[in-house]
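# What the coordinates show
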Amino acid sequence: MNPARPPPAVLQTPGFAHYSVAWSPFHNSRMALASAANFGLVGNGRLHMISLIPGVGGSSAVKLDKQYETQDGIYDVAWSEIHENQLVTGSGDGTLKLWDVLLNDFPIRSWHEHSREVFSVDWSNIKKDTFASSSWDGNVKLWTPEMSRSVTTLHAHLSCVYQAIFSPHQPDILATCSTDGTMKIFDLRSPAYATGPAMNSFTHPLSAAVLTVPAAGTELLTLDWNKYRPFVLATAGVDKMVKVWDCRMVQSANQSTQAIGGVCEIQLPGHEYAVRKVQWSPHRPDILATASYDMTCRMYVNSATSRGSNLLQVHDPHTEFAAGCSWSLYDEGLIAKDSDDPEDIMSTSLQTLYDHTPVSHSVPGSIFTYTIKCDGGNSALRQITLQIPDTQTSNWSLHASSIWQSSIHIADHIEDLQLDRFSDRKILRVLELGAGAGLPSIMIARITPNAAVVVSDYPDENLIHTLSDNIRRNHASERCWIVPYAWGNDISPLLTPAQQSPEGSVLFDLIVAADTLWNPESHVQFINTLCMCLSHSPGARVHLVAGLHTGRYTLQSFMNAIMIHKLQVERAVERQVIDGIQRPWDVTRAESEDERERRKWVVWMVLKWA
């Protein structure tokens with residue numbers, strides 16, 4: 001069985017919406033949250049200092065260490081690179097404040113030069129005594145903690161500068177993005193800057209960018225430098241598109257290009273609304289994360305996966321805009337250890353930071369590895385490796401292109417199928433309907449020597465091909481037969497493998513299905529298939545597992561329908577995915593639980609003949 005994921009650690013800050021989150025560069029469990037009351041429109045700000053600590057039973061918990069109040073909303077926060085207890089914030093009143101977490105209540109220094117909101121702050125990880133701020137006043141300012149005023153002012157754009165960040169490779173290179181849709185790169189060593197005894201950047205702001213890239217036709221909200229490729233940046237904004245730029249590929253104007261143009265290395269679509277934050281992974285050169293006003297965080301890879309897509313995962317734990325995301329510099333658990341298994345890249349961190357339980361895992365075309373919990377033995381035999389099906393476009397509505405939590409739950413609790421009740425049989429006939437990637441079937445075949453498993457799903461060519469490959473990849477071909485089948489049709493194809501070994505009845509002693517009840521319109525066809533396929537022997541059973549995201553009323557409707565077909569529910573229990581808590585099925589809980597709570601539960605029902 002798979003090790004249970006630790007229960008999520010949750011931090012709630014009623015009345016204050018988070019604008020930015022930053023991990024400490026010195027401590028792997030310390031974070032800072034920048035927040036504002038009333039969604040930053042009006043009111044106070046608050047800086048939250050939090051730590052991840054061990055919780056009950058080896059899980060994680062969030063501890064709120066302290067908080068600082070400000071008179072205006074805080075829009076961004078950055079940790080000092082030279083002092084482990086200090087950090088700087090930018091506020092809506094145009095101020096920057098330096099805080100020391102060992103002190104209470106008040107900042108140790110404050111600056112007020114910007115005439116509009118300070119929307120970003122960034123501490124250089126190379127020139128560690130310097131940090132930058134950007135503002136809606138169009139300016140970028142460079143600071144050191146010891147000086148009472150800025151050391152350099154760049155009049156970077158004629159409109160709002162949403163972000164300014166130092167290159168992680170060159171200490172004097174700075175990139176900005178703006179309402180005007182451009183990305184600019186400034187070289188602080190450039191001779192184009194005004195010099196001389198009568199000129200200084202404080203009274204005469206510098207404005208000469210070494211490179212201007214019209215990255216979007218609308219507002220550009222965010223950008224980030226790749227941590228491994230010195231000339232590569234990612235941008236995103238109101239046009240919903242994430243774009244990757246290689247500065248070496250920027251070209252001068254000609255008849256077919258813009259006056260000052262850039263060559264975009266790749267475009268990454270997917271978000272439904274503006275992208276508020278983009279950040280490259282500190283552990284991998286080809287992985288980046290985004291946060292969007294569509295309330296999702298997404299993971300992309302810079303090179304296409306085997307299915308031709310760059311999207312690795314979509315995480316949707318939020319019920320409001322997702323304004324920020326941040327990678328831990330130390331915890332490589334945020335990145336999948338198996339590079340072919342992108343599903344784990346971010347789910348662990350989201351489940352820790354937010355009360356979020358995924359209902360599905362991985363993405364079409366990727367590789368998912370399931371680990372069987374057992375003592376000793378060959379490690380290869382303790383793993384089931386699956387490719388995720390990528391159905392044809394016309395069949396996307398099948399939702400067969402994921403590993404659903406219900407199928408993992410069956411594999412984790414395979415003993416609850418009570419396969420040992422059939423140990424005296426020469427052949428145990430098993431049918432899985434809606435098999436998807438085939439995890440429960442392969443698991444049954446792996447541990448049950450007398451099993452003959454028919455693995456079925458909708459006759460989609462891509463789906464059946466991938467399912468067949470998974471059976472072969474896991475050496476289950478001797479006990480598994482793949483049969484394309486649409487519910488409600490003639491069951492003869494499902495019975496063909498049994499007819500080759502006509503021991504006993506050709507009907508099935510055990511039928512298994514995971515997350516097959518979400519569409520009420522298919523209930524009748526599904527129930528007809530169960531009735532045609534289930535053996536009439538006293539021990540014959542149907543085991544159905546469905547996540548509560550299916551909907552309680554939809555599940556209750558199914559339970560009511562089966563009684564008309566002379567089946568009955570022998571047992572129905574609700575199980576919490578993380579810690580295994582069980583409780584009886586109760587449809588009335590639908591009125592008191594939200595979507596986040598439903599994600600935590602699956603329903604396991606056992607059917608038999610009435």
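Structure shown above.
Keep in mind that this is a model prediction, so the values were computed, not measured.

Turning our eyes to something else, we now look at helix α7 (residues 552-564). Every buried residue belonging to α7 is among R552, T554, L555, Q556, F558, M559 and I562, and all of these are buried. Check the buried side of α7 and you find it contacts α6 (523-533), β33 (541-547), β34 (567-576), β35 (582-584) and β36 (601-609). With its phi angle positive at about 65°, K566 sits one or two positions after the end of α7.

Looking now at the sheet that holds strand β17 (residues 220-225). Strand order in the open sheet formed by four strands is β17-β18-β19-β20, and the pairing between neighbours is antiparallel. Looking along the sheet, the strands with just one partner apiece sit at the ends: β17 and β20 (264-268). Averaged over all adjacent pairs, the angle separating strand axes in this sheet is 20°, with direction ignored. With four bridges joining them, strand β18 (residues 232-237) and strand β19 (residues 242-246) adopt antiparallel strand pairing. Considered in β19, the bridge of A234 is made with V244.

A separate point is the packing of aromatic side chains. Two descriptors summarise a pair of aromatic rings, namely the distance from one centre to the other and the angle between the planes of the rings. Inspection of the entire model under this criterion finds eleven aromatic pairs. With 4.8 Å between their ring centres and 40° between their planes, Y68 and W99 make a pair best called tilted. Remark: W99 occurs in strand β7 (residues 95-100) and Y68 occurs in strand β4 (residues 60-70); sequence separation between them is 31 residues. Like Y68, the residue W99 is buried in the burial classification. Taking the centre distance of 5.2 Å and the plane angle of 55° together, the rings of Y75 and F119 count as tilted. Here Y75 is found in strand β5 (residues 74-79), whereas its partner F119 is found in strand β9 (residues 118-123), with 44 residues between them in sequence. On the accessibility criterion, Y75 (7% relative accessible area) is buried. In this structure F119 comes out as buried when scored by relative accessible area, which is 10%.

Our focus in this paragraph is the nonpolar core. Core analysis: the largest hydrophobic core is formed by 39 residues, its most contacted members being Y370, I384, I410, L417, I444 and V453. Residue contributions to this core peak at five residues, all from helix α3 (residues 439-447). Counting residues in each nonpolar core, the second largest holds 36 residues, with A546, A572, L607 and W609 among its members.

A few words now on the environment of Q71. Tracing the chain through its elements places Q71 in the loop between β4 and β5. When the C-alpha atoms of Q71 and G92 are compared, they prove to be 9.0 Å apart, with 21 residues separating the residues in sequence. Residues in contact with Q71, not counting those within four places in the same chain, are G43 and N44.

So, about the pairing of strand β26 (residues 367-371). With four of five residues buried, β26 is to be regarded as a mostly interior element. Direction of pairing for β26 relative to strand β27 (residues 383-387): antiparallel, over a ladder of five bridges. The partner of T369 across the bridge, within β27, is T385.

Here we come to the pairing of strand β23 (residues 297-301). By the criterion of burial, β23 is predominantly enclosed, with five of the five residues buried. Side chains of β23 alternate between two faces, with C297, M299 and V301 and R298 and Y300 buried alike. Note that strand β22 (residues 287-292) and β23 share five bridges and pair antiparallel. Bridge pairing in β23 links T290 to R298. Once β22 ends, the chain turns through four residues before running back antiparallel as β23, passing M295 with a positive phi of about 75°. Two strands pair when backbone bridges link them, and β23 and strand β24 (residues 311-315) are joined in this way by four bridges, in the antiparallel orientation. Bridging from a neighbouring strand, C297 pairs with H315 of β24.

Sheet architecture is open: four strands sit in the order β5-β6-β7-β8, paired in antiparallel fashion. Looking along the sheet, the strands with just one partner apiece sit at the ends: β5 and β8 (109-112). Along the sheet, successive strands turn relative to each other by an average axial angle of 20°, direction set aside.

Per the stated rule, a full pass over the model turns up three cavities of 30 Å³ or more. Considered as a void within the structure, the second largest cavity measures approximately 110 Å³ in volume. Secondary structure elements with two or more residues in the lining of the second largest cavity: β1 (16-23), β5, β9, β13 (161-166), β17 and β21 (275-280). Among the residues forming the lining of the second largest cavity, the class breakdown is six nonpolar, five polar and three charged.

Each value, and the rule that gives it
- Residues numbered from 1 in each chain as written.
- Predicted model: local features only at pLDDT ≥ 70, side-chain atom pairs only at ≥ 80, totals over all residues.
- Heavy atoms only, no water.
- Buried < 20%, exposed > 50% of the residue type's maximum accessible area, 1.4 Å probe, protein only.
- Helix = DSSP H or I, 4+ residues; strand = E, 2+ residues; numbered from the N terminus.
- Contact = heavy atoms within 4.5 Å.
- Pairing = 2+ DSSP bridges.
- Axes fitted to C-alpha atoms, helices over the stretch in contact; angles between N-to-C directions.
- Phe/Tyr/Trp six-rings, centres within 6.5 Å; stacked < 30°, edge-to-face > 60°.
- Core = buried A, V, L, I, M, F, W, Y, C linked by side-chain atoms within 4.5 Å.
- 1 Å grid on protein atoms, 1.4 Å probe; cavity = no way out; pocket = protein on both sides within 12 Å on 5 of 7 lines; lining within 4 Å.
- Points joined across faces, edges and corners; volume = space filled by probe spheres on them.
- Nonpolar A, V, L, I, M, F, W, Y, C, P; charged D, E, K, R; others polar.

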